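# Architecture at a glance
If you want the building blocks of each chain, they are given just below.
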Amino acid sequence: MLVVPSDTNMKPDRKDLYQFLVACQQVSVEKECPQIATLSLELPPLDPLAVLQAIAQPEDPHFYFENGNKGEAIAAIGAAITFHVPSGSARFVKAQTFIQSCLANTITTGATDLPFAGPHFFCNFTFFDDLRPPESAFPCATVLLPRWQVARCRNRSVFVANFSLSPRDNIKALHQDLCNKLTQIRWANSRWLDPVNFPNQSFQNHDFKPTANFRKSVYSALNRINNKTLNKIVLADAIDLNFPRPINLVKSLNNLRRLYPDCYTFATGNGGGTNFIGASPERLLAIYNHQLTTDALAGSAPRGKTSGEDAELAKLLLSSDKEIHEHRVVIDFICDRLTRLGLTPKVPPQLLLLQLSNIQHLWTPIQSTLPPGIHPLDILADLHPTPAVAGVPRDTACQEIRRYEAFDRGLYAAPLGWIDGYGNCEFIVGIRSALIEGDRARLYAGAGIVAGSDPDKELAEVQLKLKTLLKALV
Ligand SMILES: C=C(O[C@@H]1C=C(C(=O)O)C=C[C@H]1O)C(=O)O
């Protein structure tokens, strides 16, 4: 990636920006290869979700990612370039090669030092790499370099435009498009999103009956655990619902981020009317300045209705051998994988609790310094799926998941996030999630089964998790 220093207050209507696009096009002629021109401009603080609402067209692929606690949100809209891997175990390698070849032909300028400036590649992967027919709405790997990207980091906002330039592109038209988009973005206003839309009442008190299949699977999995074929398996259920009207993506995201500020609110849309949306508490991989963090998150209990009940539930969770075993296998797996990659994982000495508004989990953030030469997607390829969403031994658990679950997991429980041009990244596990299309939603939730699991409690946990999404979809 070539960084061209510039006046960080570059104005889009100024000649130098136009000339920058012309110069990049000239490079594409000389190199006989399209060049990606990336412009970053600081904007007054704005809400990326309001921008998503204001400028995304139904046919635009898009991506939204918000971490309320960190005061960060990022919206990616439309495609400068997209890359799909239909299926196959080489998907992480192929995605990595694509990103590296883009960066080798990227020229970036403007306010390049701001957080979230420069090109970002938004990626989503399906849980399994060999998709079952009928074709899922998302291929097994997608990488999106968006046309427009708007991010907020606390009180600063940055706008990024990416253009893939070939000799025949009309720079005047592209420059005009950029100016028009900026005008639209400046008008985007988060007040349009208020007040919070109250979730669909007809579903609020819906008592989920997990499918008969789920209950049967839990019993059968417990048999396999007892006869030692498996140590742990995470079984999920999917519930299909029809809403009275088309589900509104932006309003639902707005609800999710307010209901679950401790989670990552996310959505990815394929530009064909299907969106995958959720509020996940589980960070699979974050890398900032060569410092890596990954979460072991497994072992769950509801939140209490009173502070006394809540404290009691937390105490039980922290002292339950069964929950600790369910959690410990995740820590061991992650540490083993990171060590094999040449990292030195640091694990806090005591178990921690991640208390969300509706549920609490055992939580161990694992950290390491990243040695040079390891790409974030190398790590993702090794970590996914962790025993937090698959099981132990992993291959057996994955085969059994396919046998037990009558639905395709699609993007559920799979990695979703972004990578920048310097190897920084943030990926979450796509749990507490739903696939939405028009007025239809498929909600997913799962629970880890180990020796000592009580089927009724696992069913209750799945019901509780399903409600995460149901509360927010409108
Ligand atoms: C599988 C899910 O969650 C996972 C399973 C957990 C458990 O069984 O305790 C806890 C957190 C997640 O790692 C889900 O929410 O669908």
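Residues numbered from 1 in each chain as written. Predicted model: local features only at pLDDT ≥ 70, side-chain atom pairs only at ≥ 80, totals over all residues. Heavy atoms only, no water.

Basically, it comes down to this: UniProt positions are given in the numbering used here, feature names are shortened, and annotations may be inferred rather than shown by experiment.
An unreviewed UniProt entry lists the protein under the name isochorismate synthase, from Laspinema palackyanum D2a. We quote the UniProt Catalytic activity (unreviewed entry) comment for the protein here in full: "chorismate = isochorismate". For the protein, the Sequence similarities (unreviewed entry) comment in UniProt is given as "Belongs to the isochorismate synthase family."

## What to know about the environment of Cys 33
What counts is decided by this rule: For the purposes of this entry, the term helix denotes a DSSP run of H or I that reaches at least four residues, the term strand denotes a run of E that reaches at least two, and both are numbered from the N terminus. By the convention used here, residues are in contact when the closest approach between their heavy atoms is within 4.5 Å.
Along the polypeptide, Cys 33 turns up in the loop between helix H1 (15-31) and strand E2 (35-43). Separated by 133 residues in the primary sequence, Cys 33 and Ser 166 place their C-alpha atoms 7.3 Å from one another. When residues no more than four places from it in sequence are discounted, the contact partners of Cys 33 are Ser 28 and Asn 105.

## Details of the UniProt feature "domain: Chorismate-utilising enzyme C-terminal" (unreviewed entry) in the protein
Per the UniProt entry, the sites bearing "domain: Chorismate-utilising enzyme C-terminal" (unreviewed entry) are residues 212-465 in this numbering. What you have in residues 212-465 is 35% helix and 34% strand, and the ends, taken at the C-alpha atoms, are 18 Å apart.

## As for the pairing of strand E9 (residues 232-242)
This is how the line gets drawn: Buried residues are those whose accessible area, probed at 1.4 Å on protein chains only, stays under 20% of the maximum for their type, while exposed residues exceed 50% and partly exposed ones sit between those limits. If DSSP finds at least two bridges between two strands, the strands pair.
The element E9 is largely enclosed, with a buried count of nine among its eleven residues. Across eleven bridges, E9 lies against strand E20 (residues 440-450) in antiparallel orientation. Each bridged residue has a counterpart across the sheet, and for Leu 241 the counterpart in E20 is Ala 441. As judged from the two bridges shared by E9 and strand E16 (residues 391-392), these two strands associate in the antiparallel manner. Looking at E16, one finds that Ile 233 is bridged to Gly 391.

## Quick look at the side chain of Arg 409
For the record, the criterion: Any N or O atom pair separated by 3.5 Å or less is treated as a polar contact, with the protein-specific requirement of one donor-capable and one acceptor-capable atom, and with residues adjacent in sequence counted only for side-chain atom pairs.
On the secondary structure map, Arg 409 appears in the loop between helix H11 (394-404) and strand E17 (415-420). Among the polar contacts made by the side chain of Arg 409, one reaches the side chain of Glu 405 at a distance of 2.8 Å. Those residues within four positions of Arg 409 in sequence are excluded, and the remaining contacts are Phe 127, Phe 128, Val 234, Leu 235, Ala 236, Val 389, Ile 401 and Tyr 444.

## A closer look at the site of the ligand
What counts is decided by this rule: Here a residue counts as near a molecule or strand whenever at least one of its heavy atoms sits within 4 Å of it. Here the accessible surface of atoms and residues is derived via Shrake-Rupley with a 1.4 Å probe, and residues count as covered only by protein chains that are part of the display. Each residue gets one label: Ala, Val, Leu, Ile, Met, Phe, Trp, Tyr, Cys and Pro are nonpolar, Asp, Glu, Lys and Arg are charged, and the others, such as Gly, are polar.
Taken together, 18 residues lie near the ligand, and Leu 297, Ser 300, Tyr 412, Arg 432 and Gly 446 sit nearest. Here an oxygen atom of the ligand and a side-chain polar atom of Ser 300 are 2.5 Å apart. Between the ligand and Glu 326 there is a distance of 3.0 Å, counted from an oxygen atom to a side-chain nitrogen or oxygen. Protein coverage of the free-state accessible area of the ligand, which is 390 Å², stands at 100%. Elements supplying a minimum of two residues to the shell around the ligand: strand E13 (291-302), E20 and helix H12 (455-470). Here the residues of the shell around the ligand sort into eight nonpolar, five polar and five charged.

## Re the confidence of the model for the protein
The criterion, for reference: A score from 0 to 100, pLDDT tells how confident the predictor is in each residue.
Taken as a whole, the protein shows an average pLDDT of 93; of its residues, 93% reach a score of 70 or greater. On the interface metric, ipTM, the complex scores 0.99, and its pTM is 0.96.

## Here's the deal with H12
Formally: Helices are assigned an expected span. That span is 1.5 Å times one less than the residue count.
Here H12 spans 23 Å end to end across 16 residues, near enough to the 22 Å set by a 1.5 Å rise per residue. The distance from a side-chain oxygen at the start of H12 to the backbone nitrogen of Asp 456 is 2.9 Å, and the residue carrying that oxygen is Asp 454.

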